[in-house]
Amino acid sequence: MSLLSPTKSEPNPSSGPASAPAPGSGTAGAAPASATPASPAPRLLSALREDLGVVVARDPSVRSKKEAVLHPALTALWAHRIAHRLHGRGLRIPARLLARWARRVTAVEIHPGAVLGRRVFIDHGAGVVIGETAVVGDDVTMYHQVTLGAVGWWSDNERPEGDRRHPVVGSGVVLGANATVLGPVTVGDRAVIGAQALVNKDVPRGARVLAPTAVIKEPGRRPELMEDVFTVIASAGSW
């Protein structure tokens, strides 16, 4: 089972995804939706230390590693690191029980079979769902209510045994609040899936997928679309 990971040094988490086309420019000239080749998974303790450090690096509200330990999504991520190893050794019931406990205390549901890369950061955590055959690359940031799901049992039951039902998310991807990615699609490296966006097709490397923004209706005036720069940027995350 592979992990998606960059072949070069860790990107600066504060810089966000690079090489994204300007809004409205489409994906013309963008690279095909493909993921960076896998790299070996780190030892468990090394992975847990990286997870702790990335909370401090990417959450402005956290000032120290001691404070980062109390981050709710970190508990879910650490529990998954252990549950995934149990699952890989055939200990499916203990893995499920650990995942169930993590879901109860953090509201984050990650199937033990899902593959999560290094330095994954889940901000807030509440309502995040990651399915069994999902693969999440290194240095991925996701906000609350993100779903990496399947399209439904009525379709998935017809797939051959072992076929992937959930997305592959490349390295350096940002998934905004309430973004939903469904089915065996590929989100290319360094792409941005904006808040509220629904994705059921492959996303090219470095692309931006932005949901429609709200319409403002001022008293006595016709509704106008919000097209200012701030609105477009805000759709790329929950900030």
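Keep in mind that what you see is a predicted model, and the values were worked out from it rather than measured. (Residues numbered from 1 in each chain as written. Predicted model: local features only at pLDDT ≥ 70, side-chain atom pairs only at ≥ 80, totals over all residues. Heavy atoms only, no water.)

The next point concerns the confidence of the model for the chain. The predicted model of the chain has a mean per-residue pLDDT of 82, with 77% of residues at 70 or higher. The low-confidence segment residues 1–28 (pLDDT under 50) makes 59 contacts with residues lying over four places distant or belonging to another chain. (pLDDT = per-residue confidence, 0-100. Contact = heavy atoms within 4.5 Å.)

Tracing the sequence through the fold places Arg-81 in helix H3 (residues 72–88). Within polar-contact distance, the side chain of Arg-81 engages the side chain of Asp-51 at 2.9 Å. With near-sequence residues (within four places) excluded, Arg-81 lies in contact with Leu-44, Ala-47, Leu-48, Asp-51, Leu-116, Gly-117, Arg-118, Arg-119 and Val-120. (Helix = DSSP H or I, 4+ residues; strand = E, 2+ residues; numbered from the N terminus. Polar contact = N/O pair within 3.5 Å; in protein donor to acceptor, adjacent residues only side chain to side chain.)

On to the sheet that holds strand E11 (residues 186–187). A sheet is described by the order of its strands in space; here four strands give the open sequence E2-E5-E8-E11, paired in parallel fashion. This sheet does not close on itself; its edge strands, each paired only once, are strand E2 (115–116) and E11. By the bridge criterion, two bridges tie E2 to strand E5 (residues 135–136) in an arrangement that is parallel. When the sheet's bridge partners are listed, Val-115 is paired in E5 with Val-135. (Pairing = 2+ DSSP bridges.)

The next point concerns the packing of aromatic side chains. The description of an aromatic ring pair rests on the distance of the ring centres and on the angle between the ring planes. The tally for this structure, following the rule as stated, stands at one aromatic pair. A ring pair is formed by Trp-153 and Trp-154, whose centres lie 5.7 Å apart and whose planes are at 75°; its orientation type is edge-to-face. Judged by its relative accessible area of 60%, Trp-153 is exposed. (Phe/Tyr/Trp six-rings, centres within 6.5 Å; stacked < 30°, edge-to-face > 60°. Buried < 20%, exposed > 50% of the residue type's maximum accessible area, 1.4 Å probe, protein only.)

Non-glycine residue Gln-145 carries a positive phi angle of around 65°. The residue Gln-145 is located in the loop between strand E6 (141–142) and strand E7 (147–149) in this model. The residue Arg-190 is not glycine, and still its phi comes out positive at about 65°. Structurally, Arg-190 is set in the loop between E11 and strand E12 (192–193). Classification of Arg-190 as buried rests on a relative accessible area of 19%.

Below, the discussion takes up the sheet that holds strand E1 (residues 109–110). Strand order across the open sheet formed by five strands is E1-E4-E7-E10-E13, with parallel pairing between neighbours. Lying at the two open borders of the sheet, with one neighbouring strand each, are E1 and strand E13 (198–199). With three bridges joining them, E7 and strand E10 (residues 180–182) adopt parallel strand pairing. Looking at E10, one finds that Gly-149 is bridged to Leu-182.

Right, let's get into H3. Taking 1.5 Å as the rise per residue, H3 with 17 residues should run 24 Å; its terminal C-alpha atoms sit 25 Å apart, in good agreement. Along H3, the residues classified as buried are Ala-73, Leu-74, Ala-76, Leu-77, Ala-79, His-80, Arg-81, Ala-83 and His-87. Its buried side turned inward, H3 meets helix H1 (44–58), helix H2 (65–68), helix H4 (92–106), E1, E2 and strand E3 (121–122). (Expected span 1.5 Å × (residues − 1).)

A word on the packing of H3 against H4. Running from amino to carboxyl end, H3 crosses H4 at an angle of 175°, the nearest separation of the two axes being 8 Å. By the angle between their axes, H3 is roughly antiparallel relative to H4. Counting all contacts with H3, which are made through Pro-72, Thr-75, Ala-76, Ala-79, Ile-82, Ala-83, Leu-86 and His-87, the residues of H4 involved are Arg-92, Pro-94, Ala-95, Leu-98, Trp-101, Ala-102, Val-105 and Thr-106. Partitioned by chemical class, the residues of the contact of H3 with H4 number 12 nonpolar, three polar and one charged. (Axes fitted to C-alpha atoms, helices over the stretch in contact; angles between N-to-C directions. Parallel < 35°, antiparallel > 145°, perpendicular 65-115°, else oblique. Nonpolar A, V, L, I, M, F, W, Y, C, P; charged D, E, K, R; others polar.)

Right, let's get into the nonpolar core. Core analysis: the largest hydrophobic core is formed by 31 residues, its most contacted members being Ile-130, Met-142, Leu-148, Leu-175 and Ile-193. If near-sequence neighbours (up to four positions away) are discounted, Leu-175 is found in contact with Val-140, Thr-141, Met-142, Tyr-143, Val-146, Leu-148, Val-169, Val-181 and Ile-193. Formed by seven residues, the second largest nonpolar core is a distinct cluster that contains Leu-52, Val-55, Val-62 and Phe-121. (Core = buried A, V, L, I, M, F, W, Y, C linked by side-chain atoms within 4.5 Å.)

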